[in-house]
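The chain contents come next:
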Amino acid sequence: MACLKLGSRADVLSKQGQEWYCTSGLPSDITVAVGDQSFHLHKFPLLSKSGLLEKLIKERIDKGEDSCVIDLSDISGGAKAFELAAKFCYGVKFEMTSSNVVHLRCAADYLEMTEEMAEGNLIAQTENFLTQTVLRSWKDSIKALHTCDDVLVIAERLQIVKRCVDSIATKSCNDPDLFGWPVVQHGGPMRSPGGSLLWNGISTGARPRNSSPDWWYDDVTCLSLPLYKKLISAMEYRGISQDIIVGSLNHYAKRRLPGLNRRKSISDVNNCLSMTTLTVIPSEEEQKYLLEEIDRLLPFQRGVTSCTLLFGLLRTAIFLKASPSCVSNLERRIGMQLDKATLEDLLIANISESVETLYDVDCVQRIVDHFLAMDQETGGASPDLGEDGQILASPSLMPITMVAKLIDGYLAEVAPDKNLKPPKFRSLASAIPDYARPIDDGLYRAIDIYLKAHPHLSESEKEELCRVMDCQKLSLEACTHAAQNERLPLRVIVQVLFFEQLQLRSSIAECLMVSEPLEGGSKQLGLPISGEHHRPAGWPLPATENQTLREGMDSMKQRVAELEKECSAMREDIERLGRSRSAGKSRFPFPLTVKPQICSTKEAAPATTKTATAASEDKLAVVKAGTGSGGMPQLKLSRHKKNLSIDA
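Residues numbered from 1 in each chain as written. Predicted model: local features only at pLDDT ≥ 70, side-chain atom pairs only at ≥ 80, totals over all residues. Heavy atoms only, no water.

By the naming in an unreviewed UniProt entry, the protein chain is NPH3 domain-containing protein, taken from Arundo donax. Annotation of the protein chain in UniProt includes, under Pathway (unreviewed entry), the sentence "Protein modification; protein ubiquitination." Check the Sequence similarities (unreviewed entry) section of the UniProt entry for the protein chain; it says "Belongs to the NPH3 family." (UniProt positions renumbered as here; feature names shortened; annotations may be inferred.)

Here it is as C-alpha cells:
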C-alpha cells in the first residue's frame with residue numbers, strides 16, 4: 001500500500017479518555033469539539049493553516065469571549081480526520097495512505113486548508129497523492145473508493161468517486177501485469193530458478209499468476225452497492241463484454257446474498273464463510289434491496305446470464321418476499337432460456353402459506369408460459385410437415401423439445417406430492433404442444449407415478465388426466481407396460497392395445513412388401529437365382545434364400561392367425577363385461593369386431609401383395625383377457641414379437 005510521510009516533529013498529541021491534549025508545554029487556548037471527543041489545542045497553528053478556523057476564532061475574539069470553544073461535529077471524516085488535520089497543522093509526523101487520503105481530502109476542504117492560507121497546504125498534498133500515487137495503482141484505487149462511503153456526498157462533489165471509478169474501470173479492461181506487476185519482457189516476466197518473478201535480476205518473491213477476464217471480481221466485492229453500480233456503469237460505457245459484467249454481478253451477489261450459496265460445494269462454502277467473517281451479514285431488507293438492484297443491472301438478453309444464477313436469485317427473491325415486479329422479471333428471464341435449465345433448477349421449494357404443495361408448481365407454470373410466448377414470437381416452434389403429414393425434425397424444434405423433456409421429468413418429480421391436485425398437474429402437462437414430444441414415454445411415466453401416489457382418484461378423473469397423453473406416441477416398451485398397468489383406466493388400456501396391434505400388423509405388412517420386390521427384381525434383370533458365386537455384392541438374394549424367407553413368413557402368419565382366433569374368443573368376454581356395466585357401451589370409442597385373415601405366400605405374388613396391403617390398412621379391434629390378474633386386459637405377444645425380430 002502506497003503511503004506519503006508528512007511532518008518532521010515528534011508526536012505532541014496524546015489522548016486521555018475522550019480528551020486530546022497537546023504536550024508542547026504551553027497551555028491550550030482553544031477547544032475543538034468533534035462529536036464526543038474534545039481537542040485542547042493552540043490557536044496559532046490552526047488559524048495559520050485553516051481558513052475556517054481563522055474565521056471562527058476571529059468571531060470569538062470580536063465577541064470578547066474568554067473561552068474559545070468551537071464545535072466541528074459536522075466535519076467530514078469525524079474525529080479521526082480532524083486528528084490528522086491537527087497533526088498536519090502542528091507539523092507532526094504521520095503517514096498519508098490510500099485508506100485515509102479521501103477523509104483527509106474532504107476534511108481539508110471543510111477546513112478550507114488552501115494554498116492561500118499556506119504553501120503546500122493539506123488540499124494540495126492530498127490532491128497530489130491521489131493523482132500521482134493512488135489512482136495509478138489498482139489496489140490503492142479500490143481502497144480509496146471503498147473509504148468514500150462515509151463521505152459520499154462530499155467525495156462526489158470533489159470528483160473523488162468519479163476519478164476512482166474511472167481508474168478502476170480503465171484498469172479492469174487491461175492486463176493486470178501492466179500495473180502493480182513487473183513489465184513483460186521477452187514474452188513474459190523473468191523468473192528465478194525457484195519460479196518467483198525477477199525485477200532487474202532481483203527476486204521479488206512473487207509468484208506469477210494467470211491473467212483471466214475475471215481477475216478483478218474478488219477485489220470489487222468490498223464496495224458498497226451504490227459504488228459498485230457506478231463502477232459497473234463505467235465498465236459498460238467502456239465496452240466490457242456483457243459476459244464479464246454478468247460474471248462480476250454473479251460473484252458480487254454470492255458474496256452479499258447468503259441464500260445463493262445453498263447449492264455450492266464444500267470448498268466454495270468454506271471460502272464464502274471466510275469472506276463473511278470479514279464483513280457484517282446484511283439484514284433481510286438490505287438483501288432485498290440488493291437483489292432488486294442486481295435484477296435491474298442484469299442484461300435482458302438470452303444466454304448471457306446462466307440459469308443457475310437466475311434460479312438462485314428467484315429462490316432468494318421468493319424467500320425474501322421481494323417486489324412482484326422483481327420476481328416477474330426473473331421468471332421472464334428464465335423463460336427466455338428455459339431450454340438451458342436442469343431439473344434441479346426447477347425444484348423451487350414452496351414457502352407460500354396458501355398453497356400446500358412441496359414445490360412451487362405455479363412458478364414453473366408461469367416460466368413455461370413465458371417460454372412458449374417468447375418461442376412463438378420468435379417463430380422458433382413452427383413445425384415442418386412432410387408429405388405424409390408427419391412432423392420433420394428441425395433445429396428450430398430443439399429448444400421446445402428439450403423443454404418438453406424437462407417438464408416431463410419435473411412432473412415425474414412432483415407427482416408423488418399428495419397435495420398436488422389433478423387440474424394443476426394436467427395444466428402443466430398440457431401446456432407443452434403435442435409436436436414438442438416425439439414420444440410420450442416421459443409423460444406416461446409421470447402419469448403412472450401420479451396415479452400410484454393418488455389411488456383414490458375416480459375413473460373419470462383418471463381418464464381426464466390420461467387425455468394429455470397420446471397412446472400412438474408410446475414406445476413398444478411403454479405399450480407393453482401400459483397394457484399390464486392396473487392403475488390406468490380401461491379406456492386407455494384398450495387404446496394402447498389397439499395401437500400396439502396396429503404396429504404389429506404394419507411391421508408384418510412391411511416385411512411382406514419388401515420380400516416380393518427382391519424376387520421380382522432378380523427375374524427382370526435375368527440374373528441366376530441360385531449360386532452365391534454368380535451374384536455380385538449388393539444384388540438381390542437367390543431363390544433359395546427367398547424361399548426360406550417365405551417359409552418363415554408363412555409360419556409367422558399361422559401364429560398370427562392363432563392369435564386372431566384367441567382375440568375372437570376374448571372379444572365375447574369383453575362384450576359380456578361391457579353389458580354388465582351401465583356405461584359399458586360408452587367406454588369403447590370403436591367397434592369390437594375382428595376379421596381374421598390368414599395369408600399364404602404360396603399364392604401368386606400380386607395376390608400376396610394385395611393381401612398384405614389390406615392387412616396393413618385394417619383396424620384391429622382391441623381385446624381383453626378374461627383370465628388375467630384382476631380381470632385386466634393382457635395380450636400375449638412376446639413370442640410373436642421375438643419371432644418377428646428373428647425372421648426379419
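A count of helical and extended segments in the protein chain gives 26 helices and 11 strands. Buried positions account for 45% of the 648 residues belonging to the protein chain. Taking the intrachain contacts of the protein chain between residues at least 6 apart in sequence as the baseline, contacts between residues at least 24 apart amount to 69%. Accessible area of the protein chain: about 33,800 Å², with a carbon and sulfur share of 53%. (Helix = DSSP H or I, 4+ residues; strand = E, 2+ residues; numbered from the N terminus. Buried < 20%, exposed > 50% of the residue type's maximum accessible area, 1.4 Å probe, protein only. Contact = heavy atoms within 4.5 Å. Areas by Shrake-Rupley, 256 points an atom, 1.4 Å probe, with all protein chains shown as cover.)

Judged by pairing direction, the sheet is mixed, and its five strands sit side by side in the order β2-β3-β5-β4-β6 without closing on themselves. Strands at the two margins of the open sheet, each flanked by one partner only, are β2 (13-16) and β6 (69-71). Each neighbouring strand pair of the sheet contributes to a mean axis angle of 20°, computed without reference to strand direction. The sheet contact formed by strand β4 (residues 30-34) and strand β5 (residues 37-41) spans five bridges and is antiparallel. When the bridges of β5 are listed, V34 appears paired with Q37. Packing against the sheet, helix α2 (residues 51-62) makes contact with β4 and β6, and its axis sits at approximately 135° to β6. With respect to the sheet, helix α3 (residues 78-90) is in contact with β2, β3 (19-22), β4 and β5, its orientation differing from that of β5 by roughly 10°. (Pairing = 2+ DSSP bridges. Axes fitted to C-alpha atoms, helices over the stretch in contact; angles between N-to-C directions.)

Let us look at helix α14 (residues 307-320). Over its 14 residues, α14 extends 20 Å from the first C-alpha to the last, a length consistent with the 20 Å expected when each residue adds 1.5 Å. Across the 14 residues of α14, 12 count as buried, placing the element largely inside the fold. Taken residue by residue, α14 has C307, L309, L310, F311, G312, L313, L314, R315, T316, A317, I318 and L320 as its buried positions. Considering only its buried residues, α14 is in contact with α11 (242-256), α13 (284-297), α15 (324-336), α16 (343-346) and α17 (361-378). In the stretch just after α14, K321 is the one whose phi turns positive, near 60°. (Expected span 1.5 Å × (residues − 1).)

Turning our attention to the packing of aromatic side chains. Across all of its chains, the model carries six aromatic pairs by this definition. Each ring, one from F39 and one from F82, has its centre 5.0 Å from the other, and the planes form 70°; the classification is edge-to-face. With F39 in strand β5 and F82 in helix α3, this pair connects stretches of sequence that are 43 residues apart. Put simply, the rings of W20, F39 and F82 pair up and form one aromatic cluster. Cation over ring: K49 sits above F88, and NZ or CZ is 4.8 Å from the ring centre. (Phe/Tyr/Trp six-rings, centres within 6.5 Å; stacked < 30°, edge-to-face > 60°. Lys NZ or Arg CZ within 6 Å of the ring centre and 35° of its normal.)

Turning to unusual backbone geometry, a few remarks are in order. The backbone phi angle of E112 is positive, close to 60°, even though this residue is not glycine. Tracing the chain through its elements places E112 in the loop between α4 (101-111) and α5 (122-132). With relative accessibility at 34%, the residue E112 sits in the partly exposed group. At Q159, a residue that is not glycine, the phi angle is positive and equals roughly 65°. Mapped onto the elements of the fold, Q159 is located in the loop between α7 (152-157) and α8 (160-172). Take Q159: its relative accessible area is 38%, and that puts it in the partly exposed class.

Assignment of secondary structure puts E477 in helix α22 (residues 476-483). Using a relative accessible area of 61% as the deciding quantity, one classes E477 as exposed. It is 9.0 Å that separates the C-alpha atoms of E477 and D441, two residues lying 36 residues apart in sequence.

This part takes up the pattern of salt bridges. As enumerated under the stated definition, the model contains 22 salt bridges in all. K80 serves as the salt-bridge partner of E83, at 3.7 Å between the closest nitrogen and oxygen. Separated by three residues within a single helix, E83 and K80 lie in helix α3, roughly one turn from each other. Looking at E83, the relative accessible area reads 8%, which means it is buried. Since its relative accessible area comes to 53%, K80 is described here as exposed. In this structure, E127 engages R105 in a salt bridge whose closest nitrogen and oxygen atoms are separated by 2.7 Å. Taken together, the positions of E127 in helix α5 and R105 in helix α4 put the pair 22 residues apart, joining distant regions of the chain. A residue is classified by how much of its surface remains accessible, and E127, at 19% relative accessible area, is buried. By relative accessible area, which is 8% here, R105 ends up buried. (Salt bridge = Lys/Arg side-chain N within 4 Å of Asp/Glu carboxyl O.)

Time to look at the confidence of the model for the protein chain. For the protein chain, per-residue confidence averages 77 on the pLDDT scale, and 71% of positions sit at 70 or higher. Counted against residues more than four places away or in other chains, residues 265-270, with its pLDDT under 50, gives two contacts. (pLDDT = per-residue confidence, 0-100.)

Let us look at the packing of helix α18 (residues 398-414) against helix α19 (residues 422-430). The angle between the axes and the distance between the axes are what describe a pair of packed helices. The N-to-C vectors of α18 and α19 enclose an angle of 165°; their axes lie 10 Å apart at closest approach. In this view, α18 runs roughly antiparallel relative to α19, as classed from their interaxial angle. Considering how the two elements wind past one another, α18 and α19 form a crossing that is left-handed. Contacts from I407, Y410 and L411 in α18 reach F425, L428 and A429 in α19. (Parallel < 35°, antiparallel > 145°, perpendicular 65-115°, else oblique. Left-handed = near helix turned anticlockwise from the far one by under 90°.)

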